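Architecture and fold: a report
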Amino acid sequence: VETDFGLTITYDWQSQVTVSAPSTYARALCGLCGNYNGDVGDEMMLKSGQVTSNPDVFGHSWKLTDIPGCVEQSMVACPAISTALQHQEVSRMGCGIIMRVDGPFSACHAHVDANQYFQSCVHDFCLFPDQEDMMCLVIARYTAACQAAGVIVNRWRTDDFCSISCPTNSHYEICSQGFSQTCSSIYAPVKCSDQCREGCVCNDGFVLSGDECVPMSQCGCFHQGFYYKVEETFFPTMQEECQCQAGGTVTCQKISCPGGTEGKVIDGVFQCPSTAPGTCVVTGDRNYISFDGMAFNISGTCSYILTETCTDDDVQPFVVKIEKQGRQKRKVSGIQTLSLEVYGLTLTLMKGKRGTVMVDSIFHHLPAILSKGRVQVHQHGMGVLLQTDFGLIIRYDLLHHVMVTVPQSYQGHVCGLCGNYNEQRNDDFLLPNGQQAPNVLAFGSAWKTSEVPCSDDCPKSNCPTCSEEKKVVLQKRNYCGILTAPAGPFGSCHHLISPALYFQACVHDLCLAQGDTHVLCQSIQSYATACQDAGVVIGAWRRPSFCPLRCPANSNYSLCTNLCVNSCTGLVDATTCPNTCMEGCQCHEGSIFDGHDCVPKEKCGC
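Residues numbered from 1 in each chain as written. Predicted model: local features only at pLDDT ≥ 70, side-chain atom pairs only at ≥ 80, totals over all residues. Heavy atoms only, no water.

**Regarding the UniProt feature "domain: VWFD" (unreviewed entry) in the chain**
As recorded in UniProt, the feature "domain: VWFD" (unreviewed entry) lies at residues 1-71 and 278-455. A helix fraction of 4% and a strand fraction of 42% characterise residues 278-455, whose end C-alpha atoms lie 29 Å from each other. (UniProt positions renumbered as here; feature names shortened; annotations may be inferred. Helix = DSSP H or I, 4+ residues; strand = E, 2+ residues; numbered from the N terminus.)

This is the structure in structure tokens:
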């Protein structure tokens, strides 16, 4: 990287960075590179202006942020350093190659101090004796320093020592001036350097396009200061989409979002902002999707904060928790309880307990209209629907599937396993302190609320890896493949809700349960619920011989029914009922749902 005021920065994509600054910057710089004042004695100057001789204190002073897994100490002492030194001094292939008087670097010794590179090489070899590439990196750095000083270095890599494998249509050279061989030099004059470098060079007839060697005819385009490969799509502004054509021409077209809103490019794809509320999903044994669409697996069987408000801003606070079921061998871990804390109430729903909700440790029949209508709990389909007046909606199938929906006003105000809902996937694994978790296991553990002992992971003995042969069978149409079949009963839903997560969960759970049909039916039912909740009309998927639903007396199975509208309480106020239909049991003509059974209208309770 070069600037017009004389600053040059190089990076070898691995471990070496160099910075060259012009003399106009003398005494004006600070940081790990020192203050550039001509005095070696005060190089280790802290941010405060004090000078130290301790490299750890010096490093800490200029640290920007913590990175998970990063340690702050110089691994200076290597116990076996003297042995390593003796070994390397005599080795012809190894660090010793730097110092050899008759070696490939002999012409450089008078220009660039070889000893510091040799010591650095031995130190790294001592710390990582089984990693040859550690030595290679240091020797490559000495090569670069010599070549920068204008010295000719002879070939030092061999097939057996520090060999480099070059990409297709290229080969290794110890001294290449690679600028003339790039596509971009066709369009923009490149300042050529006399200095040569070692590296991969395109074969005759090929030039470098980005990171690959292509025939000249396959060169891309140079557009507004940037280079693009042939057929690459890019977005110079959020109002236009362009594509690079062969021959260097760029074609662009205007793009816009409904209502004049501004789109974003996510993973190279232009997307208009969603006006829909955010939904977080927990399904099956271990599958989760955050509000921002990040899919991940947590095999723990603890109590967790699924989502909660974590800023003091003017949004109504709430906490949603789930407790996963303890593990049994070859069994899928369901959701034992789901609880919501809101408006000073704690509502708890329990696995398999249809028609009831616990409010502050007292059980009540459904429906329950609480806090002057601000919180409502209804039976819906085979599960329960819990909704608040500020737009929080929770659906729980009383088994293993939970969907939590929050309005857009909560973007950036929530945290927990469901993430922070800021329309970016790469920062969803945040710990309660706001820092990024090093891995999913640590992320899951951080949001535990369990007082009782529980497991963070599933041991191989209880959750063996599914063999590829089994996966192939379980992905077929008569198993989990029914979810992804374009012409199947759920094809109409694919454009709205991707079946991928539900399909993966189905294959994993079914394999874990050794093909148990109940688990297959539960997995399919979860996707059916998600689709119907989004207002999609799905095809009939249950048959008398496949996942039949047993209904109580005076009722029969219906693919689309609304229990609330056709229930005793529905006689009072149907406006509070959910406005979508779900598959479930529908009462026969003349009888009505009382929260548990289908009864004659005159038998309705209060």
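**A closer look at the sheet that holds strand β15 (residues 287-289)**
Spatial strand order, β16-β15-β14-β27-β26-β25-β24-β23: 8 strands in an open sheet with antiparallel pairing. Of all strands in the sheet, those with a lone pairing partner are β16 (295-297) and β23 (368-370), marking the two edges. Each strand axis lies, on average, 15° off the axis of its neighbour in the sheet, ignoring direction. In terms of strand pairing, β15 meets β16 through 3 bridges, oriented antiparallel. Paired with Asn287 across the strands is Asn297, a residue of β16. Strands β14 (278-283), β15, β16 and β27 (401-406) of the sheet are contacted by helix α8 (residues 500-512), whose axis makes an angle of about 10° with β14. Seen against the sheet, helix α9 (residues 517-533) touches β14, β26 (393-396) and β27 and runs at an angle of roughly 25° to β27. (Pairing = 2+ DSSP bridges. Axes fitted to C-alpha atoms, helices over the stretch in contact; angles between N-to-C directions. Contact = heavy atoms within 4.5 Å.)

**A word on the state of the cysteines**
Under the criterion given, the structure shown has 20 disulfides. Between the sulfur atoms of Cys183 and its disulfide partner Cys219 the distance amounts to 1.9 Å. In this structure the cystine formed by Cys183 and Cys219 twists about its S-S bond by roughly -80°; its chirality is therefore left-handed. Pair noted here: Cys183 is in the loop between β3 (170-176) and α5 (184-187) and Cys219 is in the loop between β6 (212-215) and β7 (221-223), with a separation of 36 residues, a long-range link. No difference in accessibility class separates Cys183 from Cys219, as the two residues are buried. Cys606 takes part in no disulfide bond, and the closest cysteine sulfur to it belongs to Cys604, at a distance of 9.5 Å. (Disulfide = S-S within 2.5 Å. Buried < 20%, exposed > 50% of the residue type's maximum accessible area, 1.4 Å probe, protein only.)

**Regarding the packing of helix α3 (residues 114-127) against helix α4 (residues 132-148)**
Remark: α3 packs on α4, axes separated minimally by 8 Å, with the N-to-C direction vectors making an angle of 165°. The angle between α3 and α4 falls in the class roughly antiparallel. Crossing geometry of α3 relative to α4 is assigned as right-handed. Taking contact as the criterion, the partners of Ala114, Tyr117, Ser120, Cys121, Asp124 and Phe125 in α3 are, on α4, Met134, Met135, Val138, Arg141, Tyr142 and Ala145. Grouping the constituent residues of the contact of α3 with α4 by class yields 9 nonpolar, 1 polar and 2 charged. (Parallel < 35°, antiparallel > 145°, perpendicular 65-115°, else oblique. Left-handed = near helix turned anticlockwise from the far one by under 90°. Nonpolar A, V, L, I, M, F, W, Y, C, P; charged D, E, K, R; others polar.)

**Comments concerning the nonpolar core**
The tendency in soluble globular proteins is for nonpolar side chains to be buried side by side. Core analysis: the largest hydrophobic core is formed by 50 residues, its most contacted members being Leu306, Phe318, Leu349, Val377, Ile394 and Val402. Ignoring any residue separated from it by four or fewer positions in sequence, one finds Phe318 in contact with Thr307, Glu308, Thr309, Leu340, Glu341, Val342, Phe390, Leu392, Val406, Tyr410 and Val414. Listed in part, the 36 residues of the second largest apolar core include Met403, Cys466, Ala528 and Ala530. (Core = buried A, V, L, I, M, F, W, Y, C linked by side-chain atoms within 4.5 Å.)

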